[in-house]
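Tertiary structure, described
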Amino acid sequence: MQYFPLFVDTQSLRVLIVGGGDVASRKLDLLCRTEAEVHVIANEASAEVIAYQQKGRITLEQRAVNEHDIRSWDLVYLATADKALNEKLATIAKQGDIWVNVVDNPSFCSFITPSIVDRGRLQIAISTAGAAPVYARELRARLESWLPQSITPLFDFIAERRQDVQAKLPIFKQRRLFWERFFKLNQSRFDKQTTAHYQACFTQQDGQGELLLLDAQIEAELLPIAAMPYLQKLDIVFSEQSMPHTLNELLRRDAARDSNWSDYSLQQALYEGEHCLVYADVAEIDRLVTLFPQAKRLKVGAI
């Protein structure tokens, strides 16, 4: 993984954009949604850039950039039409330990800006590490069509109630199960029923746990898409053998791991409402299917 995805707090971020054309204006369209302080230096500025200045959202200097301008910034975007100038300024920025992005020149970038799906508090960043930006845009378009705009007010509603949930449900697992119930009941809607759904989830009882069984001979790539939500809800993963990286990537990252189990310990975990996965050889999985008829056995292309 060459590029590590992370989200930066923009409240005290100081950003410089060098260039005032169409490319710079597209960067501004994103940056001006944040709380960053944005400054632009450009010989000529497009109408879109000037509009941001007139609104007071950015500061603008219409002049040639010089080496002394590349200092005291947190991020620098270089978007001039002069490739040599961009590369020269990028080198200066890196020497000053400033993160820099050179448009259409990834070899001089210390960071890249992904394709973004913006739903308020829900942010999805998509990147192909500069290899296929067209595909990233197509994937973004699919996600835009799939994620309703109601997610924005819904997540504001949730954020306002997090302390209420923490006060009423002091144990982490209780809170996780509460929010799982809420999203299952409410889905991604935000309407007059949302508050009622929220209140109802405090009174619902946690059901019996869930047991998934996976034959170690089945390759993770062949598991059905329908299995993914189950794998992401796991509390405990039981396995005596090493699990392949491709399978580990599909599992809930903070699920507990245990190499020892018994029929009694599985029964106890299910009684306590735990979501469990047993990863073992075919003979053991066949035995557990008989012992736990309610278990879900994951198969190639099916559950």
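If you're wondering where the values come from, they're calculated on a predicted model, not measured in any experiment. (Residues numbered from 1 in each chain as written. Predicted model: local features only at pLDDT ≥ 70, side-chain atom pairs only at ≥ 80, totals over all residues. Heavy atoms only, no water.)

A short note on helix H5 (residues 151-160)
Those residues of H5 lying buried are Ile151, Leu154, Phe157 and Ile158. Looking down the long axis of H5, one finds its buried residues gathered within 120° of arc, a one-sided arrangement. Tucked inside the fold, the buried residues of H5 contact strand E6 (115-119), strand E7 (122-126), helix H6 (162-168), helix H7 (172-186) and helix H8 (194-203). (Buried < 20%, exposed > 50% of the residue type's maximum accessible area, 1.4 Å probe, protein only. Helix = DSSP H or I, 4+ residues; strand = E, 2+ residues; numbered from the N terminus. Arc of directions from axis to C-beta. Contact = heavy atoms within 4.5 Å.)

A short note on the pairing of strand E8 (residues 210-215)
Of all six residues making up E8, six are buried, and the element is well covered by its neighbours. Side chains Glu210, Leu212 and Leu214 of E8 all project onto a buried face; the interleaved residues Leu211, Leu213 and Asp215 project onto the opposite face, where all are buried too. Note: E8 against strand E11 (residues 275-280), six bridges, orientation parallel. Note on E11: the bridge partner recorded for Leu211 is Cys276. With three bridges joining them, E8 and strand E12 (residues 296-298) adopt parallel strand pairing. From the neighbouring strand, Leu213 faces E12, where its bridge partner is Arg297. (Pairing = 2+ DSSP bridges.)

Considering the environment of Gly209
With respect to the helices and strands, Gly209 occurs in the loop between H8 and E8. A sequence separation of 65 residues divides Gly209 from Glu144, and the C-alpha atoms of the two residues are 34 Å apart.

Describing the pattern of salt bridges
Taken as a whole, this structure holds 22 salt bridges when the rule is applied. Salt-bridge contacts for Arg63 lead to Asp69; the nearest nitrogen and oxygen are separated by 2.8 Å. Here the salt bridges do not stand alone but share partners, grouping Arg176, Glu180, Asp235, Arg252 and Asp254 into one network. (Salt bridge = Lys/Arg side-chain N within 4 Å of Asp/Glu carboxyl O.)

Regarding the sheet that holds E11
In spatial order, the strands read E10-E9-E11-E8-E12; together these five strands make up an open sheet with parallel pairing. Of all strands in the sheet, those with a lone pairing partner are strand E10 (256-258) and E12, marking the two edges. Looking at each pair of strands side by side, their axes are set apart by 20° on average, direction ignored. Bridge count between strand E9 (residues 236-239) and E11: four bridges; the pairing is parallel. When the sheet's bridge partners are listed, Ile236 is paired in E11 with Cys276. Taken strand by strand, helix H11 (residues 263-271) contacts E8, E9 and E11, and its axis lies near 135° from that of E8. (Axes fitted to C-alpha atoms, helices over the stretch in contact; angles between N-to-C directions.)

Observations concerning the side chain of His275
Checked against the element boundaries, His275 lands in strand E11. Overall, His275 belongs to the buried group, its relative accessible area being 10%. For His275, the residues in contact, after removing those within four places along its chain, are Leu177, Glu210, Lys233, Leu234, Asp235 and Ile236.

Points about the state of the cysteines
Tallied over the entire structure, the rule returns zero disulfides. Unpaired in terms of disulfides, Cys109 finds its nearest cysteine sulfur in Cys32, a separation of 20 Å. (Disulfide = S-S within 2.5 Å.)

Some thoughts on the pairing of E7
The pairing of E6 with E7 spans five bridges and is antiparallel. When the sheet's bridge partners are listed, Asp118 is paired in E7 with Gln123. Here E6 folds back onto E7, and the loop between the two strands holds two residues, one of which, Gly120, carries a positive phi near 65°.

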